Amino acid sequence: MASRPPKRKRLSPREKKNLSLSKDRRADWWEYDRKKVRSKHRAVSHRVARREAMRNLIYDPDAAEARFILKQRKRWKKAPGMTLSDYITNRRTQRKAMYRARILRALRASESDL
C-alpha cells in the first residue's frame, strides 16, 4: 500500500503574505534605470582596462602584453536585492522622516512669521 505524503499546514492569508514578502526581492538602487546602470558599469570597467593597458604599453612596452594577459578584469556581478519586506519598512521610515521634517519646517516658518 502506498503511503500518502504528509499533510502541510494550511497558511493563513497573513502568513502567505509574510512568506511572499520574505521571498520577493527588490533592487532599491537601480530599480528604474536598470539598463543604464548596467551598461555604465560595463563601460567604466572596460575604460579602466583600456587605460591601464595603454599605461603599461607606454611605460614598459616589452612586459605590457604579458602583464595584460595575466591580469584578469574584475567583472561586475549583480548583487541580490533586499527583501521586499525590508524595502517596505525602509520606505515607511523614510516617509515618516520626510513628514516630520515637513511639519518642523512649517512650524519654524509659522514661528518666524509671528
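Here is what the cut-offs are and how they apply
Residues numbered from 1 in each chain as written. Predicted model: local features only at pLDDT ≥ 70, side-chain atom pairs only at ≥ 80, totals over all residues. Heavy atoms only, no water. Helix = DSSP H or I, 4+ residues; strand = E, 2+ residues; numbered from the N terminus. Buried < 20%, exposed > 50% of the residue type's maximum accessible area, 1.4 Å probe, protein only. Contact = heavy atoms within 4.5 Å. Areas by Shrake-Rupley, 256 points an atom, 1.4 Å probe, with all protein chains shown as cover. Salt bridge = Lys/Arg side-chain N within 4 Å of Asp/Glu carboxyl O. Patch = residues over 30% accessible without salt bridge, like charges linked within 9 Å, V, L, I, M, F, W, Y side chains within 5 Å. Lys, Arg positive; Asp, Glu negative; His and termini not counted. Charge placed at Lys NZ, Arg CZ, Asp CG, Glu CD.

A.B. asks: Could you give me a rundown of the overall build of the chain, with the residues and numbers involved?
C.D. replies: The helix and strand inventory of the chain stands at four helices and two strands. Helices and strands appear in the chain in the N-to-C order α-β-α-α-β-α. Split into buried and exposed, the 114 residues of the chain put 10% on the buried side. The long-range share in the chain, meaning contacts at least 24 apart out of those at least 6 apart in sequence, stands at 67%. For the chain, the exposed area adds up to about 11200 Å²; of that, 55% sits on carbon and sulfur atoms.

A.B. asks: With reference to specific residues and values, describe the pattern of salt bridges.
C.D. replies: Under the definition given, this model contains one salt bridge. Across the pair Glu 15 and Lys 9 runs a salt bridge, and its minimum N-O distance is 3.3 Å.

A.B. asks: Go over a nonpolar patch on the surface with me, naming the residues and quoting the values.
C.D. replies: Where nonpolar side chains cluster on the molecular surface, the patch consists of Met 54, Leu 57, Ile 58 and Tyr 59 and spans about 500 Å² of accessible area. Its place among the elements puts Ile 58 in helix H2 (residues 34-59). On the accessibility criterion, Ile 58 (62% relative accessible area) is exposed.

A.B. asks: Residues and numbers for a positive patch on the surface, please.
C.D. replies: A surface patch of like charges, here positive, comprises Lys 40, Arg 47, Arg 50, Arg 51 and Arg 55. With respect to the helices, strands and loops of the structure, Arg 47 is situated in helix H2.

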